[in-house]
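Summary of structural features
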Amino acid sequence: MLNVCFKCGIYRADKIIDPTGPYAICPECGHPHPFLYQPLLIISGASGTGKSTVCNRLVGHYQDAVLLDSDILWRDAFNNPKDNYRDYFETWLRVSKNITQSGRPVVLFGAGLGVPENLEGCIERRYFSSIRYLALVCSDDILCERLEQRPAWRGTRDQKFIEEQQRFNQWFINYSNSNDQQPIKILDTSRKSIIETTEEVEDWIRKNQR
Ligand SMILES: [Zn+2]
């Protein structure tokens, strides 16, 4: 529970990071708390690009990091578009920070987490040495095909939903071409088998987790 100071007992999420320790320094009393300062890995992409399938295939197989599907924490209380779902993103960063303290970095799979502006301004962002982003993308046609193949109860065959996901998919491609301050690595899954995609994601995790 890194946010409660071990010396003065006050709760502060906004500790001062000294990377040379690394220490998380209490702003109240100055107590330097040693902690593990590791990267956080995000694997994102629109619905239908293969995130969940890849996550499912890697969990249990890849054991050098903790892999989590970010949907598992979602509930109505987080559904707050007015502040851009800030509580949801802060919660994931806090959970990931605490998991990371056991020695393995965290890899989060999720759509909204892949938009850097959703995470980079969060208070809890400071506890990670970097956030590395990978986005799975594919062509519009293939995305549409994949969403239409899903069972009806998931609601992904709806034309409006498909168009939204195509726009989001395109957003990742445009972003990666235009932004090198907070780069997103793109992995085009259009012509890849799920086995190939999974291997490439595994490779990316291995290279980026240190
Ligand atoms: Zn303190």
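These lines cover the structure that appears in this document, whether it is placed above or below. (Residues numbered from 1 in each chain as written. Predicted model: local features only at pLDDT ≥ 70, side-chain atom pairs only at ≥ 80, totals over all residues. Heavy atoms only, no water.)

A few points about the packing of aromatic side chains
Evaluation of the coordinates by the stated rule reveals 11 aromatic pairs. Judged by centre distance (4.9 Å) and plane angle (85°), the ring pair of W74 and Y88 falls under edge-to-face. Of this pair, W74 sits in the loop between β5 (66-69) and α2 (86-100) while Y88 sits in helix α2, and the two are 14 residues apart along the sequence. Overall, the relative accessible area of 36% leaves W74 in the partly exposed class. (Phe/Tyr/Trp six-rings, centres within 6.5 Å; stacked < 30°, edge-to-face > 60°. Helix = DSSP H or I, 4+ residues; strand = E, 2+ residues; numbered from the N terminus. Buried < 20%, exposed > 50% of the residue type's maximum accessible area, 1.4 Å probe, protein only.)

Section: the coordination of the zinc ion
Bound to the zinc ion are the protein donor atoms C5 (SG), C8 (SG), C26 (SG) and C29 (SG), situated 2.3 to 2.4 Å from the metal. Around the zinc ion sit four donor atoms; with metal-centred angles ranging over 105 to 115°, the donor geometry is tetrahedral. Going along the chain, you hit the donors of the zinc ion in the pattern C-x2-C-x17-C-x2-C. Separated by 21 residues along the polypeptide, C5 in the segment before β1 (16-18) and C26 in the loop between β2 (23-25) and β3 (32-34) bring together distant segments of the chain. The class of C26 is buried, set by a relative accessible area of 2%. (Donors = N, O, S within 2.8 Å, 3.2 Å for Na, K, Ca; no water. Tetrahedral: all angles 85-135°; square planar, octahedral: opposite > 155°, others 65-115°.)

Concerning the side chain of T198
Looking at the element boundaries, T198 is found in helix α6 (residues 194-208). Here T198 falls in the buried class, since its relative accessible area comes to 7%. One polar contact links the side chain of T198 to the main-chain carbonyl oxygen of I194, over a distance of 2.6 Å. Setting aside residues up to four positions removed in sequence, T198 forms contacts with V54, R57 and L58. (Polar contact = N/O pair within 3.5 Å; in protein donor to acceptor, adjacent residues only side chain to side chain. Contact = heavy atoms within 4.5 Å.)

Considering the sheet that holds β1
Strands sit in the order β1-β2-β3 across an open sheet of three strands; the sheet is antiparallel. Strands at the two margins of the open sheet, each flanked by one partner only, are β1 and β3. Neighbouring strand axes in the sheet, compared pairwise and without regard to direction, differ in orientation by 30° on average. The pairing of β1 with β2 spans three bridges and is classified as antiparallel. Bridged to I17 within β2 is A24. (Pairing = 2+ DSSP bridges. Axes fitted to C-alpha atoms, helices over the stretch in contact; angles between N-to-C directions.)

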